[in-house]
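These are the residues of each chain, in order.
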Amino acid sequence: MSQQSETLEKKREFEFTHKEFKKLSGLIHELTGIVLGDHKQDMLYGRLARRLRQLGLKTFSQYCELLDSQKGDEETSFLVNAVTTNLTKFFREHHHFDTLTEHLLKLSTDTKRRSQSSSVLIWSAGCSSGEEPYSIATTVQDKVPALRNWDVKILATDLDTNMLNHGRAGIYKSDALKGLPEGYTSTLKDNVSVSGDRFELKDRIKQMVHFKQLNLLHQWPMKQKYDVIFCRNVLIYFDNATKEQLVERYTDMLRPGGRLFLGHSESLQRLPRSLKLTGRTAYVKEA
Ligand SMILES: C[S@@+](CC[C@H](N)C(=O)[O-])C[C@H]1O[C@@H](n2cnc3c(N)ncnc32)[C@H](O)[C@@H]1O
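Residues numbered from 1 in each chain as written. Predicted model: local features only at pLDDT ≥ 70, side-chain atom pairs only at ≥ 80, totals over all residues. Heavy atoms only, no water.

S.K.: Even after reading the chapter, I still don't get the sheet that holds strand β5 (residues 198–201), so can you show me in this structure?
M.R.: Pairing between the strands of a sheet comes from backbone hydrogen bonds, and it takes one of two forms, parallel or antiparallel. Read across the open sheet, the 3 strands follow the order β3-β5-β4; overall the sheet is antiparallel. Looking at the sheet topology across the chains shown, the edges are occupied by β3 (171–173) and β4 (192–195). Mean inter-strand twist for the sheet, computed between neighbouring axes without regard to direction, equals 30°. Note that β3 and β5 share 3 bridges and pair antiparallel. Bridging from a neighbouring strand, Ile171 pairs with Glu200 of β5. (Pairing = 2+ DSSP bridges. Helix = DSSP H or I, 4+ residues; strand = E, 2+ residues; numbered from the N terminus. Axes fitted to C-alpha atoms, helices over the stretch in contact; angles between N-to-C directions.)

S.K.: Whenever I open this one, the pattern of salt bridges confuses me. Can you help?
M.R.: Opposite charge on two side chains permits pairing when their charged atoms draw close. According to the stated counting rule, one finds 14 salt bridges in the structure shown. Among the salt bridges present, the one from Arg12 reaches Asp42, with a minimum N-O distance of 2.3 Å. Of the two residues, Arg12 is situated in the loop between α1 (3–11) and α2 (18–32) and Asp42 in helix α3 (residues 41–55); the sequence distance between them amounts to 30 residues. Assessed through its relative accessible area of 47%, Asp42 is described here as partly exposed. A salt bridge links Asp227 to Arg255; the nearest nitrogen and oxygen atoms lie 2.9 Å apart. On the criterion of sequence distance, the pair formed by Asp227 in strand β7 (residues 226–231) and Arg255 in strand β8 (residues 254–262) is long-range, its members being 28 residues apart. Judged by its relative accessible area of 3%, Asp227 is buried. Linked through salt bridges whose partners overlap, the residues forming this network are Arg113, Asp227 and Arg255. (Salt bridge = Lys/Arg side-chain N within 4 Å of Asp/Glu carboxyl O. Buried < 20%, exposed > 50% of the residue type's maximum accessible area, 1.4 Å probe, protein only.)

S.K.: Looking at this model, I keep getting lost on the sheet that holds strand β2 (residues 151–158). Mind explaining?
M.R.: Strand order in the open sheet formed by 7 strands is β6-β2-β1-β7-β8-β10-β9, and the pairing between neighbours is mixed. This sheet does not close on itself; its edge strands, each paired only once, are β6 (209–213) and β9 (275–279). Going across the sheet, the axis of each strand differs from the next one's by a mean of 20°, ignoring polarity. On top of the sheet, helix α6 (residues 95–108) reaches β1 (119–125), β7, β8 and β10 (282–285); it is set at about 175° to β7, its chief contact. (Contact = heavy atoms within 4.5 Å.)

S.K.: Would you take a moment to explain the environment of Ile28 for this structure?
M.R.: Position of Ile28 relative to the elements: it lies in helix α2. For Ile28, a relative accessible area of 1% puts it in the buried group. Spatially, the C-alpha atoms of Ile28 and Thr76 are 8.8 Å apart, while their sequence positions differ by 48 residues. Other than its neighbours up to four places away in sequence, Ile28 contacts Gly33, Ile34, Leu36, Leu44, Leu79 and Val83.

S.K.: What am I meant to see in the nonpolar core here?
M.R.: Counting residues in each nonpolar core, the largest one holds 44 residues, and the members touching the most others are Trp123 and Tyr250. Elements represented by at least two residues in this core include exactly α2, α3, α4 (60–68), α5 (72–83), β1, β7, α12 (240–253) and β8. Residues in contact with Tyr250, not counting those within four places in the same chain, are Trp123, Ala125, Leu216, Trp220, Ile229, Cys231 and Leu260. One finds Tyr134, Ala156, Tyr184 and Ala282 within the second-largest nonpolar core, a separate group that totals 36 residues. (Core = buried A, V, L, I, M, F, W, Y, C linked by side-chain atoms within 4.5 Å.)

S.K.: For this particular structure, what's the right way to read the site of the ligand?
M.R.: What surrounds the ligand is a group of 22 residues, the closest being Thr88, Arg92, Gly126, Asp158 and Asn233. Gly126 has a polar backbone atom sitting 2.8 Å from a nitrogen atom of the ligand. In this structure, Arg232 approaches the ligand through a main-chain N or O atom, which is 2.9 Å from a nitrogen atom. Here the ligand, which alone exposes 610 Å², has 99% of that area covered by the protein. (Near = heavy atom within 4 Å. Polar contact = N/O pair within 3.5 Å; in protein donor to acceptor, adjacent residues only side chain to side chain. Areas by Shrake-Rupley, 256 points an atom, 1.4 Å probe, with all protein chains shown as cover.)

S.K.: Help me understand the domain arrangement of the chain, please; the structure alone is not making it clear to me.
M.R.: Quoted interface sizes are often the accessible area lost when the parts come together. Per the domain assignment, the segments of the chain are domain 1 (3–83) and domain 2 (95–285). Taking only C-alpha atoms into account, the centre of domain 1 sits 33 Å from that of domain 2. Each partner contributes residues to the interface: domain 1 has 9 residues there, and domain 2 has 9 residues. Both faces considered, domain 1 and domain 2 share a buried interface measuring about 730 Å² in area, 49% of it formed by carbon and sulfur atoms. Looking only at domain 1, the three residues that lose the most surface to domain 2 are Thr32, Gly33 and Asn81, adding up to 51% of its buried area. (Domains from an automatic or database assignment. Buried area = accessible area lost by both parts, 1.4 Å probe.)

S.K.: Can you walk me through unusual backbone geometry in this structure?
M.R.: Within the chain, Glu93 stands out as a residue other than glycine whose phi angle is a positive 50°. Look at Ser128: it is not a glycine, yet its phi comes out positive at around 50°. Within the secondary structure, Ser128 is located in the loop between β1 and α8 (131–143). A relative accessible area of 5% places Ser128 in the buried class.

S.K.: What is the right way to look at the packing of aromatic side chains in this model?
M.R.: Applying the stated rule across the entire model yields 19 aromatic pairs. Taking the centre distance of 6.3 Å and the plane angle of 75° together, the rings of Phe16 and Phe21 count as edge-to-face. With relative accessibility at 0%, the residue Phe16 sits in the buried group. For Phe21, a relative accessible area of 0% corresponds to the buried category. Consider the rings of Phe90 and Tyr172, whose centres lie 5.1 Å apart with planes at 85°: the pair is edge-to-face. Here the residue Phe90 occupies a position in the loop between α5 and α6, and Tyr172 occupies one in strand β3, the gap between them amounting to 82 residues. There is no split in this pair, since Phe90 and Tyr172 are both buried. These aromatic residues form a ring-pair network of at least three members: Phe14, Phe16, Phe21, Tyr45 and Phe60. In this structure, Arg51 is placed above the aromatic ring of Phe78, and the distance from its NZ or CZ to the ring centre is 3.5 Å. Positioned over the ring face of Tyr184 is Lys143, at 4.6 Å from the centre of the ring. (Phe/Tyr/Trp six-rings, centres within 6.5 Å; stacked < 30°, edge-to-face > 60°. Lys NZ or Arg CZ within 6 Å of the ring centre and 35° of its normal.)

Quick look at the structure:
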């Protein structure tokens, strides 16, 4: 370690050695799949300093001891919530919502499909505080009226329990209504009630979205196949092997003809055989 960073360490409120960083980043990788390279030590310090203060601890070594103790299991959920990056917004990468609309419009006129099942299943995997699944729900409501008589369910999962609670409440700062992409301003505005500097999604939208905690690295309890899966800006935090395994599993979870959307910087080197690129980080499972 350089002299400069040793001096930095001494100036910190809590002692945090590289060995402790390695221990914590190893545990985080095991728990979440998130890879924290050495350059993330300051970031991890910043994310956990408040927790150490809350717990009345003096050093990261004491925090590592707590995680190793009987109370460790309880503490891991605080650790996980502290390290996830939850940045999101309504209609992020809005071209995906155009593709979603096209796909659902086609599906809604498919009489063969309708005769088999009038339910549509969509999964927002790594949904953060809910902006993504609510963008999906309001798109369905506003742009695909033919689906209003269908049973459209949106499963919204994340590891971070704080984000899931935020999503369930469905209340956001009014600033989120500004600067929406062209064509989506009324899609959101028509489906919310504004009060002061906040807005809340209307019940008809909330009812379509089901928030559940799910670690993507664990087994998935869902039995049915999905029409659409969004997993955007999540894979970026994982190593290549984990990314590839997840994409294989998403492909298995899709119905033939189903769509997978990834984040803009998550284009795939190797695709499962039945998955084909159809647009910017948008994929279709071949029928
Ligand atoms: C940057 S947000 C992406 C939110 C949204 N999909 C979007 O694109 O705007 C990444 C989310 O992935 C979640 N996440 C990270 N690792 C996870 C895991 N192993 N299982 C489930 N969710 C995870 C984080 O908690 C975080 O909310």
